Amino acid sequence: MVLRVDLDAIDMKILRELQGNGRMTNVELAERVGISAPPCLRRVRKLEEAGVIRGYRALLNASALGYDLVAFCMVGLKHQSDANLKAFAARTASWPLVREAWMVSGESDFLLQCVAENLAAFQDFVIEELTATDNVDTVRTMLTIRQVKDACQVEI
């Protein structure tokens, strides 16, 4: 269970600024949010410790690195016990093609976002890895045409 954190207006400004540019210095961040550097750093550390800020990373252009195919897989399991759901969720961590995995409700049990170099690599993954996994009953795939929105930020 995730507990909500009480945030004031300055905390919200810090979060908005860091979502836009996580590489800025603490001094620049402090100037942008209107406080001095030491309390700004304390607030950032508090947000990190509370789990509001989960980490920092570079956002890469997959196509520029030769990963041209993005697809989604809807996976249905034969049995949906807690242990089976946890086992499949853990298995997704070992698949490099799977960039995001969601447990979902409805006709499927999991939704996987996959990124591959090409169609053949994706097909190999689906046939040799995904459908061969214990307890997998159905796999439906959707190849993307183009991305029309990329909002990796939380609206705050």
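Residues numbered from 1 in each chain as written. Predicted model: local features only at pLDDT ≥ 70, side-chain atom pairs only at ≥ 80, totals over all residues. Heavy atoms only, no water.

- Per an unreviewed UniProt entry, the protein chain goes by the name ArsR family transcriptional regulator and belongs to Sinorhizobium glycinis.

### A look at the pairing of strand β1 (residues 69–77)
- As paired strands, β1 and strand β3 (residues 110–116) are joined by seven bridges and run antiparallel to one another. Each bridged residue has a counterpart across the sheet, and for phenylalanine 72 the counterpart in β3 is glutamine 113.
- Pairing of β1 with strand β4 (residues 136–143), which is carried by seven bridges, proceeds in the antiparallel orientation. Bridge pairing in β4 places methionine 74 opposite arginine 140. (Pairing = 2+ DSSP bridges. Helix = DSSP H or I, 4+ residues; strand = E, 2+ residues; numbered from the N terminus.)

### A short note on the domain arrangement of the protein chain
- Partitioning the protein chain into domains gives domain 1 (7–48) and domain 2 (60–141).
- Computed over C-alpha atoms, the centres of domain 1 and domain 2 are 37 Å apart. (Domains from an automatic or database assignment.)

### Observations concerning a nonpolar patch on the surface
- Residues Val5, Leu7 and Val52 make up a contiguous nonpolar surface patch of roughly 170 Å² in combined accessible area.
- Note on placement: leucine 7 falls in the segment before α1 (9–20). (Patch = residues over 30% accessible without salt bridge, like charges linked within 9 Å, V, L, I, M, F, W, Y side chains within 5 Å. Areas by Shrake-Rupley, 256 points an atom, 1.4 Å probe, with all protein chains shown as cover. Salt bridge = Lys/Arg side-chain N within 4 Å of Asp/Glu carboxyl O.)

### Concerning the nonpolar core
- Grouped together as the largest cluster of nonpolar side chains are 19 residues, with contacts concentrated most on Cys73, Val75, Phe88, Leu112, Phe122, Phe125 and Leu130.
- Those elements giving two or more residues to this core turn out to be β1, α4 (82–92), β3 and α5 (119–130).
- Per element, the largest residue contribution to this core is five residues, and it comes from β1.
- Every residue in contact with cysteine 73, bar those within four places of it in the chain, is listed here: Phe110, Leu111, Leu112, Cys114, Phe122, Val126, Leu130, Val139, Arg140 and Thr141.
- Listed in part, the twelve residues of the second largest apolar core include Leu15, Leu18, Val33 and Leu47. (Core = buried A, V, L, I, M, F, W, Y, C linked by side-chain atoms within 4.5 Å. Buried < 20%, exposed > 50% of the residue type's maximum accessible area, 1.4 Å probe, protein only. Contact = heavy atoms within 4.5 Å.)

### Points about the packing of helix α2 (residues 26–33) against helix α3 (residues 37–49)
- Across the interface, α2 lies against α3 with an axial gap of 9 Å and an inter-helix angle of 100°. With respect to α3, the element α2 is oriented roughly perpendicular. Judged by residue contacts, Asn26, Val27, Leu29, Ala30 and Val33 of α2 engage Ala37, Cys40, Leu41 and Val44 from α3.
- For the contact of α2 with α3, the residue count by class is eight nonpolar, one polar and no charged. (Axes fitted to C-alpha atoms, helices over the stretch in contact; angles between N-to-C directions. Parallel < 35°, antiparallel > 145°, perpendicular 65-115°, else oblique. Nonpolar A, V, L, I, M, F, W, Y, C, P; charged D, E, K, R; others polar.)

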